[in-house]
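Working through the structure, step by step
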Amino acid sequence: MRRSFRWWAASTAAVAGILATAAVSPAQEPLDILLTNDDGHAAPTLAVLKQALTAAGHRVTVVAPCDDQSGSGTELSSNYTTGEPAPENTIAAKRLAPDVWAVCGSPGDAVLFGIQNVFAAGPPDVVVSGVNPGQNSGAVANHSGTVGATIAGGELGIPAIAVSVEIDVSTDPPQIGSAPAAAEYATRLLDRLRSTSNGGPLLPRHIALNINYPVASEVEGTRVTSTGRAAFVRPQYERTDLCPDCYVIRPAFGTSPDPVRDSDNNALAADYVSVTPLDGDWTADERVRSSIRQRLGALRP
């Protein structure tokens, strides 16, 4: 076993149909893709994904942050102007090439800027975010800029897909999954979604897919999963002598089994690609809401 929590992997069956097709069929029009990430427009893993999507015949326009925005989650700029424009309430965006824009903000800012300005004539068919080096699974997904970019697109009803590759922190040095393999998988997944969409949108309205590709050299298949509760890494704050109130931030890695049996974490542990549908709605289910409703009773403001 390459990880101590492999045995906890969920027992749900693989969804093999997603891997059905490869390149764009001659009968299909290319997709207009807004490609972004949270590592910056110059990230080599973004270039790998762009190459795979372009090779498949799609029209790809990069609209990505100027620099590394990892961990920015669903952040959007909110320093709105109430008067004359000033440096503190503006955002910089530059066209670096006919198909590349750099937006000096969060991944969500890049997506919204791209939809409003770069794709002003009409929205893209899909927002694709990645490839992120390091899994955005479990609790980590809540804080991921890679995933946050897709939520920004999904909020506007545009299909969106986040693509990440797993890093195995139990090895020395840590092993990381293949970005080219993940990019190729994402390309085939897009074509499979289109071939099963019956001419409609790639995904239901407001839905994004969070794809995590395992580090394994031999991938077992695909599982459609739930977002887990465990996090492979969290920040840890340790006191430092740098200043009286300073705490240094270090990564704290976890390898505990995920309590959610059909989770993305457990799929990765079993060497499956995890595909988690997201709707951007963090509302608890009706059972929890009903319980809270009863407990609040006739409480008034």
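Residues numbered from 1 in each chain as written. Predicted model: local features only at pLDDT ≥ 70, side-chain atom pairs only at ≥ 80, totals over all residues. Heavy atoms only, no water.

To keep things clear, this is the line we draw: UniProt positions are given in the numbering used here, feature names are shortened, and annotations may be inferred rather than shown by experiment.
Looking at an unreviewed UniProt entry, the protein carries the name 5'-nucleotidase SurE, with the source organism given as Saccharopolyspora antimicrobica. According to UniProt, the comment filed for the protein under the heading Catalytic activity (unreviewed entry) is "a ribonucleoside 5'-phosphate + H2O = a ribonucleoside + phosphate".

1. Notes on the overall build of the protein
Heads up, the condition is: Labels follow the DSSP assignment, with helices taken as runs of H or I lasting at least four residues and strands as runs of E lasting at least two, numbered in each case from the N terminus. Based on C-alpha atoms, the radius of gyration is set beside the globule rule, defined as 2.2 Å times the residue count to the power 0.38. To sort residues, take the accessible area from a 1.4 Å probe on protein chains only and compare it with the maximum for the residue type: under 20% means buried, over 50% means exposed, and anything in between is partly exposed. The contact criterion used is simple: two residues touch if any of their non-hydrogen atoms lie within 4.5 Å. Surface exposure here means Shrake-Rupley accessible area, sampled with a 1.4 Å probe, where a residue is shielded only by the protein chains that are shown. When charges are tallied, Lys and Arg are placed among the positive residues and Asp and Glu among the negative ones, while His and the ends of the chain are skipped. Throughout, a charge is located at the NZ atom of Lys, the CZ atom of Arg, the CG atom of Asp or the CD atom of Glu.
Along the protein, the regular secondary structure elements total six helices and 13 strands. Against the globule reference of 19 Å for 301 residues, the protein gives a C-alpha radius of gyration of 20 Å, in line with a compact fold. Among the 301 residues that make up the protein, the fraction classed as buried is 45%. Counted over contacts in the protein with a minimum sequence separation of 6, partners at least 24 positions apart contribute 78%. Accessible surface for the protein amounts to roughly 15,500 Å². Of this, 54% is attributable to carbon and sulfur atoms. With 22 positive and 31 negative side-chain charges, the protein shows a spacing of 7 Å between the two charge centroids.

2. A word on the UniProt feature "domain: Survival protein SurE-like phosphatase/nucleotidase" (unreviewed entry) in the protein
Sites flagged by UniProt as "domain: Survival protein SurE-like phosphatase/nucleotidase" (unreviewed entry) map to residues 33-231. The span residues 33-231 is 26% helix and 24% strand, and its two end C-alpha atoms sit 30 Å from each other.

3. A few points about the packing of aromatic side chains
Two aromatic rings are characterised by how far apart their centres lie and by the angle between their planes. Note the following rule: Classification of ring pairs rests on two measures: the distance between centres of Phe, Tyr or Trp rings, Trp counted by its six-membered ring, which must be within 6.5 Å, and the angle between planes, read as stacked under 30 degrees, edge-to-face over 60 and tilted in between.
Taken as a whole, this structure holds two aromatic pairs when the rule is applied. Ring geometry for Trp101 and Phe113: centres 5.6 Å apart, planes at 55°, overall tilted. Note that Trp101 is positioned in strand E4 (residues 100-103) and Phe113 in helix H2 (residues 107-118), a separation of 12 residues in sequence. Comparing Trp101 with Phe113, the two get one shared label, buried.

4. Topic: the pairing of strand E13 (residues 272-278)
Put simply, the rule reads: A pair of strands is considered paired only if DSSP assigns at least 2 bridges between the two.
The element E13 is largely enclosed, with a buried count of six among its seven residues. Direction of pairing for strand E10 (residues 221-224) relative to E13: parallel, over a ladder of four bridges. Directly across from Val224, in E13, lies its bridge partner Val275.

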